[in-house]
Amino acid sequence: MPSMRSIKRRKESVQSTQQITKAMKLVATVKLQKARSKVEANAPYFEALYKTICSIMSKTLDLDNRFLKEGSDGKKVVIAMSSNRGLAGGYNSNLVKKIDSYGFDKEKTVIYGLGRKGIEGLKRRGYHVEWDESDIMNEPLYNDCIAITKSLMKGFDEGEIDEIYVAYTDFQNTVTHVPTVRKLLPLSREDFDEEFESSLGESKEDRNLQMNYGMSGSGIEKDMVIFGSVMDHYHPEVKILNEIIPKYITNIIYGAFLEAIASENAARMQAMDSATENAQDMISSLELQYNRARQGSITQELTEIVAGAEALT
């Protein structure tokens, strides 16, 4: 059995670790609340952009746009958003596994890394990391997303990049965080059509009838139909999409940043909470061992005293 001194030292060490995990849990909780407030504040702007694109694309089914072209079997870019620090449970490893299981061809896929832990994991799995801007994850700003979007758009327009994806962890609640891979470019018209139908509760045929007869169910749709019919000869929808889609992509990247940070802090909060509970269990176990060792020491001393007294008599 370990000595009382060694048990006491180990108990003090575990107590010190427990104080650190408690502090890290509190810090993660505060950061999580800030990240969630930013996600909620960004939601109305993203929703407005999304509905506008849905409205344009639903009323111009034959629209030809550079952002809607079919992707080819060329170079793919994956923006991987992980964390710069560990102690977050399976947060980083789950994202790496999600990317690796998505079916990307490693020979034609490059990683734009945002987060050192994810970069390390992807390198171990044989992916080429072309771009490392992990410092952005410490405090992502909207201007950072604008710069990333411009760089990606340049490569996409020049034909250097054929498809662009973003990989991040979607924050659903404090307990549930889902690793997600989302395609940014080229956009899929079908995805917008499905979302637009579900939001309006009408079929594609109904929307075509409304477009032919100049009818619409909401103000923004009516404005877009009138605007499109008057300016149809000049195809203003193409210009509108060319202006609004980069903003839409930027906002998706920014939203992914916020979701990733919220998920990271929620995962770290959970991990530190579990570590604190485990430390408490270890402390209780060490206290029991210490008491047993102390009781054994006292029993041994009493036995020696009794034996000595009997020897004198």
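In the block above lies the structure referred to throughout.
The notes below deal with the structure included here. (Residues numbered from 1 in each chain as written. Predicted model: local features only at pLDDT ≥ 70, side-chain atom pairs only at ≥ 80, totals over all residues. Heavy atoms only, no water.)

## Structural notes on helix 4 (residues 142-157)
Look at helix 4: 22 Å from first C-alpha to last across 16 residues, which is about the 22 Å you get at 1.5 Å a residue. With its phi angle positive at about 85 degrees, Gly 159 sits one or two positions after the end of helix 4. (Helix = DSSP H or I, 4+ residues; strand = E, 2+ residues; numbered from the N terminus. Expected span 1.5 Å × (residues − 1).)

## With respect to the layout of surface pockets
Quantified by volume, the largest pocket comes out at close to 400 Å³. As for the largest pocket, its lining consists of 17 residues, and the residues nearest its centre are Lys 31, Met 137, Asn 138, Glu 139 and Ile 261. Where the lining of the largest pocket is concerned, the elements lending two or more residues are helix 1 (4-59) and helix 8 (236-312). Broken down by element, the residue count for the lining of the largest pocket peaks at six residues, all from helix 8. Its residues assigned to classes, the lining of the largest pocket comprises six nonpolar, four polar and seven charged. (1 Å grid on protein atoms, 1.4 Å probe; cavity = no way out; pocket = protein on both sides within 12 Å on 5 of 7 lines; lining within 4 Å. Points joined across faces, edges and corners; volume = space filled by probe spheres on them. Nonpolar A, V, L, I, M, F, W, Y, C, P; charged D, E, K, R; others polar.)

## Regarding the pattern of salt bridges
Taken as a whole and judged by the stated rule, the model has eight salt bridges. Here Asp 273 makes a salt bridge to Lys 25, at a shortest N to O gap of 2.8 Å. A residue pair is termed long-range when its members are at least 10 positions apart, and Asp 273 in helix 8 and Lys 25 in helix 1 qualify at 248 residues. On the basis of relative accessible area, Lys 25 is assigned to the partly exposed category, the value being 29%. Of the charged contacts, one joins Glu 139 and Lys 38 as a salt bridge, the two residues approaching to 3.4 Å between their closest N and O atoms. With a gap of 101 residues between them, Glu 139 in the loop between strand 3 (128-132) and helix 4 and Lys 38 in helix 1 connect regions that are remote in the sequence. The network of salt bridges with common partners includes Asp 100, Lys 106 and Arg 125. (Salt bridge = Lys/Arg side-chain N within 4 Å of Asp/Glu carboxyl O. Buried < 20%, exposed > 50% of the residue type's maximum accessible area, 1.4 Å probe, protein only.)

## Observations concerning a nonpolar patch on the surface
Taken together, the side chains of Ile 298, Leu 302 and Ile 305 make up a nonpolar region of the molecular surface, amounting to roughly 290 Å² of accessible area. Position of Ile 305 among the secondary structure elements: in helix 8. For Ile 305, a relative accessible area of 57% corresponds to the exposed category. (Patch = residues over 30% accessible without salt bridge, like charges linked within 9 Å, V, L, I, M, F, W, Y side chains within 5 Å. Areas by Shrake-Rupley, 256 points an atom, 1.4 Å probe, with all protein chains shown as cover.)

## Some remarks on the nonpolar core
With 49 residues, the main nonpolar core has Ile 79, Met 81, Leu 152, Ile 249, Ile 253 and Phe 257 as its most contacted residues. In terms of residues, this core owes the most to one element, helix 8, which gives 17 residues. Discounting residues that sit within four places of it in the chain, Ile 79 has contacts with Tyr 112, Leu 114, Ile 148, Leu 152, Tyr 165, Val 166, Ala 167, Leu 184 and Ile 253. In this structure, Val 96, Ile 111, Ile 119 and Val 129 belong to the second largest nonpolar core, which totals 14 residues. (Core = buried A, V, L, I, M, F, W, Y, C linked by side-chain atoms within 4.5 Å. Contact = heavy atoms within 4.5 Å.)

## Here we look at the sheet that holds strand 4 (residues 163-171)
Strand order in the open sheet made by the five strands is 3-2-1-4-5, with mixed pairing throughout. Of all the strands in the sheet, the pair left with one neighbour each is strand 3 and strand 5 (177-185). Across the sheet, the mean angle separating the axes of adjacent strands is 25 degrees when strand polarity is ignored. When strand 1 (residues 76-81) meets strand 4, the two strands line up parallel, connected through five bridges. Along strand 4, the bridge assignment pairs Ile 79 with Val 166. Contacting strand 1, strand 4 and strand 5, helix 2 (residues 91-100) crosses the sheet at an angle of about 45 degrees to strand 5. Where helix 4 meets the sheet, it contacts strand 1, strand 2 (109-114), strand 3, strand 4 and strand 5, and its direction lies at approximately 165 degrees from that of strand 1. (Pairing = 2+ DSSP bridges. Axes fitted to C-alpha atoms, helices over the stretch in contact; angles between N-to-C directions.)

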